[in-house]
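Analysis of the macromolecular model
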Amino acid sequence: MDSTIRPVAPGDHARVVQIAAEGDFIECESNYLSFIADVGRLLCSTSEGEVVAFGGMIPVLDVAMVTDLFVAEAARGRGVGGRLLAELLDGRSRRMTFSAQHPAALAAYQREGMEPRGRLLYLSGSALGGGSPLTPAAWMHDRGDLVGHLAAQGTTVTANAVLIAENGGIEVLRLDAPNAIDECHQLLRAFDAGISVTMYVPEAHALAPWLLARDFVIIDHDVLCTTAGVDLPPTLAVLHPGLA
Ligand SMILES: CC(C)(COP(=O)(O)OP(=O)(O)OC[C@H]1O[C@@H](n2cnc3c(N)ncnc32)[C@H](O)[C@@H]1OP(=O)(O)O)[C@@H](O)C(=O)NCCC(=O)NCCS
């Protein structure tokens, strides 16, 4: 069988979006794919000239973060995903990803030296109301490329948080602050009581039990997988499950 691994071209985007949808990544679109290709690596596997898988990796400081790994349903379980992952990570020893709970995903990441280190909780709850509206401001932390990309998608950026208002609710995509609980409390008070709020919080961060004690519930989770010695920064309380 004729198979290759090569960079994704803009002309592949429609097929890549289709493969992502087969793996339940329905928000995948061209802007997202172009961002991954611009700042990192976006590769696809072909078989007999047809794209059958794609994967992405972006550098987060000196760590390679695997953003995506998707194989078309009909091509799964034959080594395609494993080979693509090895190519994405080639030359980079410090690695991380947030793995879905698919058994082949965890196996593939472990094969590449990334071990499960804890859960990233998808938490859903309600705003509290009674506070002042958020003030948009210049982002004060690292990952300026990521925050710039998110801002271009219509998010609100403050000094410590990135969030988007969509479908009548709020999705918090990043919160980076030494006093994350206070910041989060302020954020929840900035929106009318009862508005739904979703955020992605490492289970090991103190914000997780704080939110769970305030009626937030776990609606899903991914598994943080890293090579030895790679940790999330302690100030990072909320992060994007695909882009870290
Ligand atoms: C996860 C995924 C990318 C893996 O790609 P794949 O081509 O199917 O996987 P491979 O054939 O390369 O196998 C990778 C590893 O998983 C193991 N594996 C494959 N299918 C498996 C299954 N159904 N159950 C358990 N392990 C499995 C393989 O044995 C291999 O492990 P090894 O290297 O230790 O032998 C692919 O199945 C997929 O797209 N799944 C749906 C989307 C998804 O969950 N993506 C991950 C997002 S984090």
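Okay, so let's go over this structure. (Residues numbered from 1 in each chain as written. Predicted model: local features only at pLDDT ≥ 70, side-chain atom pairs only at ≥ 80, totals over all residues. Heavy atoms only, no water.)

1. Describing the site of the ligand
Around the ligand lies a shell of 21 residues, among which V71, G79, G81, G82 and R111 are the nearest. Within the contact set of the ligand, an oxygen atom lies 3.5 Å away from a side-chain nitrogen or oxygen of R76. Within the backbone of G81, an N or O atom sits 2.8 Å from an oxygen atom of the ligand. Calculation on the ligand without its partners gives an accessible area of 930 Å², and the protein chains cover 72% of this total. When residues of the shell around the ligand are traced back to their parent elements, those giving at least two are β4 (63–71), α3 (80–89), β5 (95–99) and α4 (103–111). (Near = heavy atom within 4 Å. Polar contact = N/O pair within 3.5 Å; in protein donor to acceptor, adjacent residues only side chain to side chain. Areas by Shrake-Rupley, 256 points an atom, 1.4 Å probe, with all protein chains shown as cover. Helix = DSSP H or I, 4+ residues; strand = E, 2+ residues; numbered from the N terminus.)

2. Observations concerning the environment of A190
On the secondary structure map, A190 appears in the loop between α6 (180–189) and β10 (196–202). For A190, a relative accessible area of 16% gives the class buried. Between the C-alpha atom of A190 and that of G129, which follows or precedes it by 61 residues, the distance is 5.9 Å. Setting aside residues up to four positions removed in sequence, A190 forms contacts with S132, P133 and L134. (Buried < 20%, exposed > 50% of the residue type's maximum accessible area, 1.4 Å probe, protein only. Contact = heavy atoms within 4.5 Å.)

3. Comments concerning the nonpolar core
Core analysis: the biggest nonpolar cluster contains 39 residues, and F54, M96 and F98 have the highest contact counts within it. Residue contributions to this core reach at least three from each of two domains, namely domain 1 (3–92) and domain 2 (120–238). Setting aside anything within four residues of it in sequence, one finds M96 in contact with V63, A64, M65, V66, M114, L224, C225, T226, V230, L232 and A244. Counting residues in each nonpolar core, the second largest holds 24 residues, with A180, F191, L207 and W210 among its members. (Core = buried A, V, L, I, M, F, W, Y, C linked by side-chain atoms within 4.5 Å. Domains from an automatic or database assignment.)

4. Examining the packing of aromatic side chains
In total, this model carries four aromatic pairs according to the counting rule given. Taking the centre distance of 5.8 Å and the plane angle of 25° together, the rings of F25 and F70 count as stacked. Of this pair, F25 sits in the loop between α1 (13–22) and α2 (30–39) while F70 is found in strand β4, placing the two residues 45 residues apart along the sequence. Assigned by exposure class, F25 and F70 land together as buried. A network of ring pairs unites the aromatic residues F25, Y32, F54 and F70 as a single cluster. (Phe/Tyr/Trp six-rings, centres within 6.5 Å; stacked < 30°, edge-to-face > 60°.)

5. Section: the state of the cysteines
Here, disulfide denotes a covalent bond that connects the sulfur atoms of two cysteines. For the structure on display, the rule yields zero disulfides. The cysteine C44 is free of any disulfide, with C28 supplying the nearest cysteine sulfur at 13 Å. Of the residues examined, C44 reaches a relative accessible area of 0% and is grouped as buried. (Disulfide = S-S within 2.5 Å.)

6. Side note on helix α5 (residues 144–152)
Burial in α5 covers these residues: L146, V147, H149 and L150. The buried residues of α5 occupy one face: seen down the axis, they fall within an arc of 155°. Following α5 by one or two positions, G154 has its phi on the positive side, about 95°. (Arc of directions from axis to C-beta.)

7. Some details on α1
By the burial criterion, the buried members of α1 are H13, V16, I19 and A20. Seen from one end, α1 has its buried residues packed into an arc of 120°, which puts them on one side. Taken together, the buried residues of α1 touch α2, β3 (50–60) and β4. Count one or two residues on from α1 and you reach D24, which has phi positive near 70°.

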